[in-house]
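Single-letter residue listing:
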Amino acid sequence: MSINVWENPEVLQKYRLPQRAYYFPYRTPEQAMTLQKEQSDYYRLLNGDWSFLYFDSVLDVPEELVREDTEIAGWNTIPVPDCWQCYGYDQIMYSNITYPFPVDPPHIPAENPAGVYATDVFLSEHELTRDVHLIFEGVSSCFFLYVNGTEAGYSQGSHLQSEFDITPLLHPGFNRIAVKVLKWCDGSYLEDQDFFRYSGIFRDVYLLARAKKRIDDIFAKPVLKEDGSACLTVELQGNCKANVSVYDPQGCLLAQQAEVGTQAHFSFDRVLPWNAETPHLYTIIIETPEEAIPVSIGFRRIEIASNRALLINGQAVKLKGVNRHDSHPRLGYYTPMEHMRRDLLLMKQHNINTIRTSHYPNHPEFYRMCDQLGFYVVDEADLELHGFCVREKGYKYQCYDPTWPTDMPEFREAFLERAVRMVERDKNHPCVIMWSLGNESGYGANHDAMGDYVRQRDPSRLLHFESSGLLPDKGVQKTDVYSRMYPPYEEVERVARSRKDPRPFFLCEYAHAMGVGPGGLQEYWDLFYRYPALIGGCVWEWCDHAVLKTDEDGTEYYAYGGDSGEYPHDSNFCVDGLCYPDRTPHTGLLNLKYVYQFILFEQLSSHKIRIKNMHDFITADRYDLIWEVCCDGKAIDQGRRPLPAVKPHSTAVITLPFSLPQDCRWGCYLNLSVTERKDTPWCKAGYEAAAKQFKLEVPVRKPVAPQEKSDLSVTALDQENLVIEGSDFCYLFTMRKGGFVSLKKNGVELLCHIPQLSVWRPSIDNERKILLCDDGLHIHDTENFNTLTNQVYQIALEEQTPQTVKICSQGILGAVGRRPLARTKTEYVIEASGKITVAVHAQIADKVPFLPRIGFDFTLPAGQEQLRYFGMGPKENYPDMKAHAKMGLYSSTVSQEYEPYCKPQNHGLHTGVQWLLVSDESGTGLVFEGENLCFTASHFSTQQLERARHTNELVMEDCTYLKIDAAVAGVGSASCGPALDQTYQLKEKDYHVRFSFTPVIG
């Protein structure tokens, strides 16, 4: 065993106080009732600029730096809390799995960076009449504490609270607090989470002045009974007695007991239950002669039904969740209060009701906010050993091996205390409905110790650990839910139908929100709603992890793995959230909102709609229903009415009074919007909480174009080029390449390059595994999609009349060095009106992996910026990601269609398109028409988007790159999740591409 404390897993702390519940003492009950720690006379925040020195190795830190008389005026300064990598010290590093040092527990490299922090704190004689506790809410990875030159403590466990009684080391006047923080310790083997690896004091540091006679710990145990009555036990630990008072959510005193020693018991005939929809909080005040301590509680009951449903207060609940890290693009692990609150408000706005704290306890104030706003929390221990899975590179990926720390006796206490400290800190929060033993850590004897403690200490909540599934028999015994990551739909349904496992099925990660996506959420939720045993799941993850940087030109961009020269790294695998690092929602979050929505609709007839209230505890009459009938994108009828008081999990049928038009050109649709009637803590009245669109059965009559009086003329310039002219247009067609070289309308050129059939699009992150073939090569290497060209073997002018010209060709779509990807037959029909109809039959070769798309690439001249279309919008959408979109007539610009994903990729797709105008500001451009087309329009070429690693590398071009597609593949979430479902793969061997385009002058 190493002589270094930080390499001894059996030394986890020195002088650290036992973990207690998270609370703050106040001078009076009135102050305590504010629940604002800043109102406490006994709370003193030490956040601010601290003196700081950085060392490449802890072995280089001079001992005198932590002395009381060391001059620190000349040191550097650094904000506390924060992470030293954010200020140019050490190297920013992102790794998903691989440890950044040799895997030889408990040993750590000698070149172990360290930072020394120091600050002087003035304390009066009066303040020193009380005990002074110093609390660190989070320090990575371990630290030594010195007070006035004397070692006052040691602690590890980065995301856990550390509290020290420093009273004996203090004196009136200025007191020196010094902290030596190490980048790594033996505990780092247990903290191999998928995130940036930051170091330093990254959560709040503060003093608490405690009474000599006080209550040290509080465990409130509210019990909600089936008849609505409740009881409450308040367990106290301390060296004095206290008065215990209970206040209702309005602040009215309900009950009181005096001179309580260790326990107080209360009974109530009726209480307001706590749940995520109605988060009623009661307040307990524990009052001693010198302190008043508030604890917020909620009365709720957690059970598993005989059909394996999750019951909250007797009602079956579905967990509509996300995974969340503490993450900030400038501050690293440090997440200020307003930042955390913004996360939660956005989640409520997007119908999220569950958070898994991946993969460590979040900031303690985060749980207070979850209590207040209403979230179900899966509280996860600060434990992950993922790097052990690949420590033998070249051998098979291991999910578990008994030689890991999971079964090392010397690591038993290290595992156990990560559960103990989590449970003891967060035990009074009603939002916590599950304790989780960590993530991707195998399953061994040390996990058993954790689970045994949690079950004994708090049987009122469920116990979760995804890795327990590695040992099915033991997992059933040790955990309350069966948990899996990224199972395909077939597996989810198989587990739901099976009766072998009595536990509910919880998908702690079920879709991967990397880049464009995730797709395929609705299919999961169709299953979740169908089977009681499927209690929901959490998308990975809430936000992109990235570092905001500025390049030499002053352009900001988001950096990810490898951008700081670190090794190892996992590139942009950290950029996998539902919103950008600054919390701007991705399209994927908008889609999630409408998949998760709590009001569902079913169309029974054109006017009759069945409403289903998927809320678990509230009636639907909190909402208004706004309905609108749109014909060809224009509203022709509309109305508003309150939703009926549909009970939770119940339905009602309503009839909407509108008339239908006689016919339409593109389609007639009923749009339903559910809005909040009153302001809520997370949104204003009028905010849309749910929406649905139904197509109405109205005859479609396409307008008949007037017969062009002038005739077409066809002139052969030479053996290769044809000029096709009408009254106000002139087209140049190349027979060699089988396409249009030029399209001029009234002398205005509308083409830059020959439109060509293609299947290539800028790859998206969720294709990173899909696009791998069996030999492990990327599909662009195996099929060379990026070198595809159209080769014409036969071409002929097959028909020429005064009103019509038809050109037919046969050829291939082929790539360099590969057999033809497709054999094609193409037909161009040019009408006297200038309309061009394209029809392609493509026969795809055997063994070709599924196609990303199939359609035509157009390059349009500068100025073709305006977009107007009838299709799915207004935001980008895909076949498996369009719950947020609806059919309509929309206006946009090519620039607005750009979506600045941290790693550039395909963007701006619209599906279901029947009509599209791409034009300049005067309206001069091209009109495209077809059935159920897709399009993207961008100022960035496919080649540029493929090459760029960051947004600042993109150079906007004047021309417009337009893709008109007959079919596109879905996006799925296969960057980490299951393969794209067959439904959304383009694997057919015959494709028909048909659409028309017509030059127009504005």
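Further up the page is the structure itself.
Given the structure is predicted, the values throughout are model-derived calculations rather than measurements. (Residues numbered from 1 in each chain as written. Predicted model: local features only at pLDDT ≥ 70, side-chain atom pairs only at ≥ 80, totals over all residues. Heavy atoms only, no water.)

A. Structural context of the packing of helix α4 (residues 412-426) against helix α5 (residues 445-457). Relative orientation of the contacting elements α4 and α5 amounts to 25°, with a least axis distance of 8 Å. Taken together, the axis directions place α4 and α5 in an arrangement best described as roughly parallel. Every pair of crossing elements has a handedness; the one defined by α4 and α5 is right-handed. Two secondary-structure elements touch here, α4 through R412, F415, L416, A419, V420, V423 and E424 and α5 through N446, H447, A449, M450, Y453, V454 and R457. Classifying every residue of the contact of α4 with α5 gives nine nonpolar, two polar and three charged. (Axes fitted to C-alpha atoms, helices over the stretch in contact; angles between N-to-C directions. Helix = DSSP H or I, 4+ residues; strand = E, 2+ residues; numbered from the N terminus. Parallel < 35°, antiparallel > 145°, perpendicular 65-115°, else oblique. Left-handed = near helix turned anticlockwise from the far one by under 90°. Contact = heavy atoms within 4.5 Å. Nonpolar A, V, L, I, M, F, W, Y, C, P; charged D, E, K, R; others polar.)

B. Fine view of α5. With 13 residues, α5 extends 18 Å between its outermost C-alpha atoms, agreeing within 8% with the 18 Å of an ideal straight helix rising 1.5 Å per residue. Burial in α5 covers these residues: N446, H447, D448, A449, M450, G451, Y453, V454 and R457. (Expected span 1.5 Å × (residues − 1). Buried < 20%, exposed > 50% of the residue type's maximum accessible area, 1.4 Å probe, protein only.)

C. Fine view of the side chain of E466. With respect to the helices, strands and loops of the structure, E466 is situated in the loop between β30 (462-464) and α6 (472-478). Discounting chain neighbours no more than four positions away, the residues touching E466 are S483, R484, M485 and C508.

D. Expanded view of the sheet that holds strand β44 (residues 721-725). One open sheet accounts for five strands, arranged β43-β44-β45-β46-β47; its pairing is antiparallel. The two strands at the open ends of the sheet, each matched to only one other strand, are β43 (713-716) and β47 (748-749). (Pairing = 2+ DSSP bridges.)

E. Just unusual backbone geometry, in detail. Here the amide bond leading from S358 into H359 is cis, since omega sits at -15°, within 30 degrees of zero. When you line up the elements, H359 lands in the loop between β27 (354-357) and α3 (364-373). The omega torsion across Y567 and P568 is -5°, close enough to zero to call that bond cis. Topologically, P568 is positioned in the loop between β35 (556-559) and α9 (587-596).

F. The packing of helix α2 (residues 337-349) against α3, seen in detail. Between α2 and α3, the shortest axis-to-axis distance is 10 Å and the interhelical angle comes to 35°. For the pair α2 and α3, the crossing hand works out as right-handed. Mapping the contact onto sequence places M337, M340, R341, L344, L345 and K348 in α2 and E365, F366, M369, C370 and L373 in α3. Tallied by class, residues from the contact of α2 with α3 come to eight nonpolar, no polar and three charged.

Structural measurements only, silent on function.
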